Amino acid sequence: MDTQKQRDYYFDNLKFLLILLVVTARMISPLQNIAYADTAHDYIYIFHMPLFIFVSGYFAKYSLKEGKLKDNKIINLIVLYIILQVMWTLLLGVRFKMFSAQFGLWYIQLLIIYNILLPVLDRVKPSFMMILSVVSGILIGFDAA
């Protein structure tokens, strides 16, 4: 029996491009007083993290089996989060805060919450979820402005 996973090269290339955009945005961030660098930075930040979250959601569907999470994905994410949070705390000499993520660890927090909610969200009608996502995204965008 062949248990080898099939690669989706479209998503592999998309993740590579998104990682490249993250690195590019971080590199040009100090140059924000230059007009074109500021515009490029802002343009990249408009879509690269929402697209990362979309890709994570796309692959999360493989974590469900008969409406329940398979394996111990949430536990693995929590352990990873705690290890990295402790590392950042020790390296930076700041106070450890379990629910206040250091740097990019908010993304792992997002994945933990998303995977906890996944069995519930799987039962919601896709059309309702799409409307809720668009409305939430617009409202959150106004809050961040």
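Note that the structure is predicted; figures quoted are calculated from it, not measured.

Asks: Quick question: what am I supposed to make of the overall build of the protein here?
Replies: Along the backbone of the protein there are five helices and two strands. Going from the N terminus to the C terminus, the protein shows its helices and strands as α-α-β-β-α-α-α. Looking at the protein as a whole, 21% of its 145 residues are labelled buried. In the protein, of all internal contacts separated by at least 6 residues, the share reaching a separation of at least 24 is 53%. Counting every atom, the protein has about 11,400 Å² of accessible surface; 68% of that belongs to carbon and sulfur.

Asks: Explain the packing of helix 3 (residues 73-92) against helix 4 (residues 106-121) to me, please; I cannot follow it from the model alone.
Replies: What describes two packed helices is the angle between their axes and the distance between those same axes. Where helix 3 contacts helix 4, the axes come no closer than 10 Å and their chain directions differ by 160°. The pairing of helix 3 with helix 4 is recorded here as roughly antiparallel in orientation. In the crossing of helix 3 with helix 4, the sense of the turn from one axis to the other is left-handed. Along its contact with helix 3, which presents Lys73, Ile74, Leu77, Ile78, Leu80, Tyr81 and Leu84, the element helix 4 presents Ile108, Gln109, Leu111, Ile112, Asn115 and Ile116. In the contact of helix 3 with helix 4, the residues fall into 10 nonpolar, two polar and one charged.

Asks: Can you walk me through the side chain of Gln109 in this structure?
Replies: By secondary structure assignment, the location of Gln109 is in helix 4. Every residue in contact with Gln109, bar those within four places of it in the chain, is listed here: Tyr81, Met98, Phe99, Ser100 and Ala101.

Asks: I would appreciate a short explanation of a nonpolar patch on the surface in the present structure.
Replies: A cluster of nonpolar residues, Ile75, Val79, Ile83, Met87, Trp88, Leu91, Leu92, Val94 and Phe103, forms a patch on the protein surface that exposes about 850 Å² of accessible area. Of note, Phe103 is situated in the loop between helix 3 and helix 4. On the basis of relative accessible area, Phe103 is assigned to the exposed category, the value being 53%.

Asks: Just to check I follow, could you spell out helix 4 for this structure?
Replies: Residues that lie three or four places apart on an α-helix share one face, since the helix turns once every 3.6 residues. If you look at helix 4, its biggest bend is around 30°, right at Asn115, and the proline Pro119 turns up within four residues after that. Three or more residues of helix 4 are buried, namely Tyr107, Ile108, Gln109, Leu111, Ile112, Asn115, Leu118 and Pro119.

Thresholds, definitions, all that
- Residues numbered from 1 in each chain as written.
- Predicted model: local features only at pLDDT ≥ 70, side-chain atom pairs only at ≥ 80, totals over all residues.
- Heavy atoms only, no water.
- Helix = DSSP H or I, 4+ residues; strand = E, 2+ residues; numbered from the N terminus.
- Buried < 20%, exposed > 50% of the residue type's maximum accessible area, 1.4 Å probe, protein only.
- Contact = heavy atoms within 4.5 Å.
- Areas by Shrake-Rupley, 256 points an atom, 1.4 Å probe, with all protein chains shown as cover.
- Axes fitted to C-alpha atoms, helices over the stretch in contact; angles between N-to-C directions.
- Parallel < 35°, antiparallel > 145°, perpendicular 65-115°, else oblique.
- Left-handed = near helix turned anticlockwise from the far one by under 90°.
- Nonpolar A, V, L, I, M, F, W, Y, C, P; charged D, E, K, R; others polar.
- Patch = residues over 30% accessible without salt bridge, like charges linked within 9 Å, V, L, I, M, F, W, Y side chains within 5 Å.
- Salt bridge = Lys/Arg side-chain N within 4 Å of Asp/Glu carboxyl O.
- Bend = angle between axes of the 7 residues up to and from the residue.

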